[in-house]
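Residue strings, one per chain:
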Amino acid sequence: MLRSTISTDILLGVVSAGLMSIVGIAIALQSSPRAIAAPDHGTTSAIFYAQTLNNGGIRQLEAGQAEAALETWRQAEAAYTRAGDKLGKLGSQLNQVQALQTLGQYRRARTLLEQINTQLQTLPNSPLKAGGLRSLGIVLLRIGDLTASQKVLKSSLEISQRLNTDTSSTLLALGNVARAKQDDAKTNSSASTEAIAFYQQAATSTLDNPIRLQARLNLLSLLVESNQHAQAFSLLPEIQTLLADLPSSRTKVYAQVNLAESLIKAGFTKPYRSLSFPTAIAQLLANTVQQARDLQDLRAEAYALGQLGHLYETSKQWSEAEQLTRQALQIAQSIPADDIAVSWYWQLGRILKQQGQTSEAIAAYNQAVETLSVLRSDLVAINPEAQFSFREQVEPIYRELVQLLLDNNPNQANLERARSVIEALQLAELNNFFREACLDTQPQPIDQVDPQAAVVYSIILRDRLAVILSLPNQPLQYRSTPLTLSSDRTAEKNQAGEIDRTYEDLFATLSPFITGQEPLRPHQQLYDWLIRPIEADLAKSRVKTIVFVLDGVLRGVPLAALHDGQQYLIEKYSLALTPELQLLPPQPLAPEQLGILAGGLSQARQGFSALPGVAEEIQQISTLMPTSILLDQSFTRSQLARKLTSVPFPIVHLATHGQFSSQSENTFLLTWEGRIKVKDLDQLLEVRDRQNRQPIELLILSACQTAKGDKQAALGLAGIAVRSGARSTIATLWSVQDDSTTELITHFYTALKQPGISRAEALRQAQLSLLRSPNYQHPYYWAPFVLVGNWQ
């Protein structure tokens, strides 16, 4: 099932004579664009040549030929430049951004976007500038930079309003951004209200039927999702009229399919076009399929057929649903159109599961997962009809496949596959967090890193918590614990409410000043879920380290504080987290390598409180190891970059305010003059990479915290660990008292200097030193420190 929101681009079409939207509607070319001879003279023929190249690039990208499309659009840019068409030139550059994204060349794409924005800012206010900014904002939306997209689109809107020109397309795009922000925040009523307002304004500010139709369809979909069915139903007469006035085209096909999807989601029982539900929807989709065939538009036909199959799925007519879904898949595979196929593979898997064909269902789910891996980046497809929502249309595929694999006493093959799917989900979550691929190293499996480490995988399924244990030289083992389902099915459809409640209870007790009858009850409950079922196996194996690959809210749990009724988990094992099975090749730290770059803020800055203990912390570090210091005024982004590229410090220690969030734009580190956002970390370290310096061995963030109220905030910690390129990252889940932090850090570096001590063991010894201190026994002081990545 594909997202009901239609991309702004598909209805904007040609903004000017020279600018096609990023996906646009490709004109079928029988010959290669490279074979077309450039015109000898004449502006009109030059622009026609440039448009031909531009359209050819669109067709190449849709066919999966990203490199060819990139070259074609470069030629189009040159042709537009010769013709003096500035907006056409910008359009071809925006298309190049899409090709670079598809090829995984994200830094080049970002650089080009910055150049485009700079060019636009130098232009005087004009319809040309407003249109260029609008197109730039749409591209930024498609690549997931919602904050930048909103800013650029508002600039475009302001210019259009000053010039008294049409604003409907920009308002529509702003509605899509507000809706995307709502999706990212999971629950954000203000974003929903803002999106509704933009869609309403877009529809009422224009006489352009396609724009009005798109605005109404997007509003209908949003109202359905927020269960405002009465308001949604009131839109149907106008939508029906607008559709009737629209000529037969791919745009009309997509509009009708998206209308059908919204109607299916709403489960309307009132008559539509004098037919009862779902007969009217079936008739609408059948007509749409025929229109697509008349247009000889295979993509549109695959899209419409699959949605018709979904209608039969919701009606539990399994045979018809399977037949239609397979037809849609066959067309999508023949084009090829992976971005459409992935949804129909998933749909086929669900249908086969309902018919008791488990093996066939698993095969279909596997195809869906493999197809997702091909789509790269943030899983945003190159065509407008497949605007993937991670929570609704990507994450469930992985979880449902794992659920199938782990049902009914899974064998080793199914356990191995389940483990790899868990890994793929972790990586997909990070890709979605960044909206681009986030790991381009040559990693090494955990099993080959440390033969004395156990790996514990957890995944939260619909009705249970699954745990897979990997012990050295032993078969995988599987345990599961039944869970009470959450009553709030709209907030977290795939998470068990019992885990959420225990997570909240744990953090409610994490204050040394709060006492209760059972202060360790949530610590023990989490131990019972994650460790108790495999406790005997761990003891028999005599492993020294447990590495956790955790799921959902469990990523934010202070594992060191899990309690078996007698002692904390940190008293028995060294602990580490990793966002995935694959790691950078390990390289143990030798004592002579322990040079440190230490930076931090002790003074209050940008609304954040002072950290008076930071100066003492950094001073104490400098007495233990060779240290270069950047404190307060000297702790700036530029100074940090200069130090990082001038000397190959193996350890970077940053004692400053920072926040981990489930949203990348809210994950940052504070400097004297601003913030280093998680997406900027790779740019900060880019020069170091170009100079072929070794990765940072250890990044320590000693004053950060997870965003308040954000249960998925630990995703930001994993994001920083990956983005920094460091082999290991030590960070805090909440801000800790200055004195205890200084003491723990001192113990950590003292232990790290000892020969043969791993990073995980050094952290464990430091945490135990506080646990055994009369002043800092409470987990509040020592449990927030977590090690992510290599532990050796």
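A quick note: this is a predicted structure, and the numbers were derived from the prediction, not measured.

Peer 1: Would you take a moment to explain the packing of helix α15 (residues 298-314) against helix α17 (residues 338-354) for this structure?
Peer 2: Remark: α15 packs on α17, axes separated minimally by 10 Å, with the N-to-C direction vectors making an angle of 20°. In terms of axis orientation, α15 runs roughly parallel to α17. Seen from above, α15 lies across α17 with left-handed handedness. Each of Arg299, Ala302, Tyr303, Gly306, Gln307, Gly309, His310 and Glu313 in α15 lies in contact with α17, whose residues at this interface are Asp339, Ile340, Trp344, Gln347, Arg350 and Ile351. Of the residues in the contact of α15 with α17, the class split is five nonpolar, five polar and four charged.

Peer 1: Mind showing me how you'd approach unusual backbone geometry here?
Peer 2: What is expected of a backbone is that most residues other than glycine have negative phi and most peptide bonds are trans. The omega angle of the peptide bond from Ile335 to Pro336 is -5°, so this bond is cis rather than trans. Residue position: Pro336 is located in the loop between α16 (318-334) and α17. Despite not being glycine, Asn408 shows a phi value in the positive range, around 60°. As for its position among the elements, Asn408 is in the loop between α19 (390-406) and α20 (412-434). According to the relative accessible area criterion, Asn408 is exposed, its value standing at 73%. At Arg542, a residue that is not glycine, the phi angle is positive and equals roughly 60°. Mapped onto the fold, Arg542 is located in the loop between α23 (535-541) and β5 (545-549).

Peer 1: I would appreciate a short explanation of the confidence of the model for the protein chain in the present structure.
Peer 2: Low-confidence regions, as indicated by low pLDDT, have predicted coordinates that should not be scrutinised in detail. Considering every residue of the protein chain, the mean pLDDT works out to 82; 82% of them sit at 70 or more. Taken together, the stretch residues 486-495 has pLDDT below 50 and engages in 16 contacts with residues farther than four places along the chain or on a different chain.

Peer 1: Please explain the sheet that holds strand β12 (residues 668-670) as it appears in this structure.
Peer 2: Through backbone hydrogen bonds, the strands of a sheet pair up, either in parallel or in antiparallel fashion. On the basis of which strands lie adjacent, the open sheet formed by four strands has the order β13-β12-β11-β15 and mixed pairing. Strands at the two margins of the open sheet, each flanked by one partner only, are β13 (675-677) and β15 (704-706). Across this sheet, the average inter-strand angle for adjacent strands is 20°, counted without regard to direction. For strand β11 (residues 658-660) and β12, the ladder comprises two bridges, and the chain directions are antiparallel. In the strand pairing of β12, Gln659 is matched with Phe668.

Peer 1: Explain the nonpolar core here, please?
Peer 2: As a rule of thumb, soluble globular proteins bury nonpolar side chains together. Ranked by size, the top nonpolar core spans 112 residues in total, and within it Leu538, Phe548, Phe748, Tyr749 and Trp782 carry the most contacts. With residues near it in sequence (within four places) discarded, Trp782 still touches Ala560, Ala561, Tyr568, Ile570, Leu744, Gln767, Leu770, Leu771, Tyr776 and Gln777. Ala173, Leu305, Leu311 and Leu405 belong to the second largest nonpolar core, which has 101 residues in total.

Peer 1: Explain the packing of helix α13 (residues 250-266) against α15 to me, please; I cannot follow it from the model alone.
Peer 2: When two helices pack together, you describe them by how their axes are tilted relative to each other and by the distance separating the axes. Put simply, α13 and α15 touch, their axes get as near as 10 Å, and they point 15° apart. What the angle tells us is that α13 and α15 run roughly parallel. Handedness of the α13/α15 crossing: left-handed. Residue-level inspection shows Arg250, Val253, Tyr254, Val257, Asn258, Glu261 and Ile264 of α13 in contact with α15, the latter providing Arg299, Ala300, Tyr303, Ala304, Gln307, His310, Leu311 and Thr314. Here the residues of the contact of α13 with α15 sort into eight nonpolar, four polar and three charged.

Peer 1: Hey, could you run me through the environment of Ala721 in this one?
Peer 2: Among the structural elements, Ala721 can be located in helix α28 (residues 714-724). Classification of Ala721 by relative accessible area gives buried; the value is 8%. As a C-alpha pair, Ala721 and Val788 span 67 residues in sequence and 6.8 Å in three-dimensional space. Not counting residues within four places of it along the chain, the set of residues in contact with Ala721 comprises Ala726, Thr729 and Val788.

So, how was this worked out
Residues numbered from 1 in each chain as written. Predicted model: local features only at pLDDT ≥ 70, side-chain atom pairs only at ≥ 80, totals over all residues. Heavy atoms only, no water. Axes fitted to C-alpha atoms, helices over the stretch in contact; angles between N-to-C directions. Helix = DSSP H or I, 4+ residues; strand = E, 2+ residues; numbered from the N terminus. Parallel < 35°, antiparallel > 145°, perpendicular 65-115°, else oblique. Left-handed = near helix turned anticlockwise from the far one by under 90°. Contact = heavy atoms within 4.5 Å. Nonpolar A, V, L, I, M, F, W, Y, C, P; charged D, E, K, R; others polar. Buried < 20%, exposed > 50% of the residue type's maximum accessible area, 1.4 Å probe, protein only. pLDDT = per-residue confidence, 0-100. Pairing = 2+ DSSP bridges. Core = buried A, V, L, I, M, F, W, Y, C linked by side-chain atoms within 4.5 Å.

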